[in-house]
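Here are the chains, one letter per residue:
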Amino acid sequence: MRLVFLGAPGAGKGTQAQRLAAQEQIPHVSTGEILRESVKRGTPLGLQAKGYMDAGKLVPDEVVIGLVREKLTSPECARGYILDGFPRTVAQAEALDRIFRETGSPGLDHVISFDVPQDEIVRRLSGRRSCSRCQTVYHIEHDPPKEEGVCDKCGGTLVQRADDKPETVLARLRVFDQQTRPLVEYYQKRGLLQRVDATGSIDQVYARLLALVHATRMA
Ligand code: AP5
């Protein structure tokens, strides 16, 4: 199964991708996670990306396309994957189509758009905490850890992302509207787009997502 999860910052893409990837035993490929890890380790990629990420802007296409190409052509992605946060511009979507042509891949099965109103997005992002060690995502109200500030899975410390400050969130939402929303039409035209109502609890959204994935598998 080769899926793209599309949606505004905070729509819940990462939360749902973590669950579905574990259930399907396929990798969850999050460009945001890969970039944050590179920033943390101070790699050349991280040094290049940090300023853009802190400002809520997109990292240049050629940088992100290169890292996705490397990931998708690695053996771990041979059985499928969930791409979370890529593509984010029309140029990235076109580059993905090129990667499929060059590698003889059958391409995407579906692009799933997670639809949530903006006021809910702001609530979700302001309460988000992530594990500094294994990156598991929590929410202080909707999905809290058993012990405050400590990751259930690995005992790591939970931190707030630098780009979840209110002013950066607004910048990221603007970037989404201008540069990423056009992908809804891009994939609709290609017959790949599926929409999920991403309001309600995490379990409710996951149930809708599973129903959609099963229905499209049977089709
Ligand atoms: P990235 O990490 O991809 O951030 P994003 O797209 O802004 O998405 P988020 O991770 O903020 O949100 P999400 O939808 O995954 O929500 P989550 O599940 O965490 O990118 C970060 C930066 O990296 C970008 O700004 C850019 O600079 C750069 N970048 C990345 N990819 C790039 C690319 N392709 N090109 C260029 N630059 C790129 O949920 C949010 C919170 O809500 C959590 O606390 C969660 O617990 C909670 N929650 C989730 N679902 C629910 C629910 N149903 N009810 C209540 N709470 C919920």
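To start, this report covers the structure provided alongside it. (Residues numbered from 1 in each chain as written. Predicted model: local features only at pLDDT ≥ 70, side-chain atom pairs only at ≥ 80, totals over all residues. Heavy atoms only, no water.)

### Focus: the environment of F100
The residue F100 is located in helix α5 (residues 90–103) in this model. A relative accessible area of 8% means that F100 is categorised as buried. Linking F100 and D177, residues 77 residues apart in sequence, is a C-alpha distance of 26 Å. The residues contacting F100, other than those within four sequence positions of it, are Y81, S105, G107 and L108. (Helix = DSSP H or I, 4+ residues; strand = E, 2+ residues; numbered from the N terminus. Buried < 20%, exposed > 50% of the residue type's maximum accessible area, 1.4 Å probe, protein only. Contact = heavy atoms within 4.5 Å.)

### As for the sheet that holds strand β1 (residues 2–7)
Either a parallel or an antiparallel arrangement is found when strands of a sheet pair, and the pairing is made through backbone hydrogen bonds. Pairing is parallel in the open sheet, where 5 strands are placed in the order β2-β3-β1-β4-β8. Edge positions in the sheet fall to β2 (28–30) and β8 (193–197), since each has one partner strand and no second. Across the sheet, the axes of successive neighbouring strands diverge by a mean angle of 25 degrees, strand direction being ignored. As defined by bridge partners, β1 adjoins strand β3 (residues 81–84) across 4 bridges and the pair is classed as parallel. The residue bridging R2 from the neighbouring strand is Y81, located in β3. (Pairing = 2+ DSSP bridges. Axes fitted to C-alpha atoms, helices over the stretch in contact; angles between N-to-C directions.)

### Re the pattern of salt bridges
Within this structure, the stated rule accounts for 18 salt bridges. R19 is the salt-bridge partner of D203, the closest N and O atoms lying 2.9 Å from each other. Here D203, found in helix α9 (residues 202–218), pairs with R19, found in helix α1 (residues 13–24); they are 184 residues apart in sequence, far enough to count as distant. Looking at R19, the relative accessible area reads 32%, which means it is partly exposed. One network of salt bridges, in which partners are shared, links R128, R161, D163, D164 and R172. (Salt bridge = Lys/Arg side-chain N within 4 Å of Asp/Glu carboxyl O.)

### Some remarks on the nonpolar core
Counting 29 residues, the largest nonpolar core has L83, L96, L108, V111 and Y187 as the members making the most contacts within it. When residues of this core are traced back to their parent elements, those giving at least two are β1, α3 (44–54), α4 (61–72), β3, α5 and α8 (182–189). For L108, the residues in contact, after removing those within four places along its chain, are R2, L3, V4, L96, F100, Y187 and L192. Core analysis: the second largest hydrophobic core is formed by 26 residues, F114, L125, V169 and L173 among them. (Core = buried A, V, L, I, M, F, W, Y, C linked by side-chain atoms within 4.5 Å.)

### With respect to the sheet that holds strand β7 (residues 158–159)
Spatial ordering of the open sheet is given by β6-β5-β7, a layout of 3 strands whose pairing is antiparallel. At either end of the open sheet lies a strand with only one pairing partner, and these are β6 (137–139) and β7. With 2 bridges connecting them, strand β5 (residues 128–131) and β7 associate as antiparallel partners. Bridged to S130 within β7 is V159. Here helix α6 (residues 118–126) sits on the sheet and contacts β5 and β6; the angle it forms with β5, its principal contact strand, is near 40 degrees.

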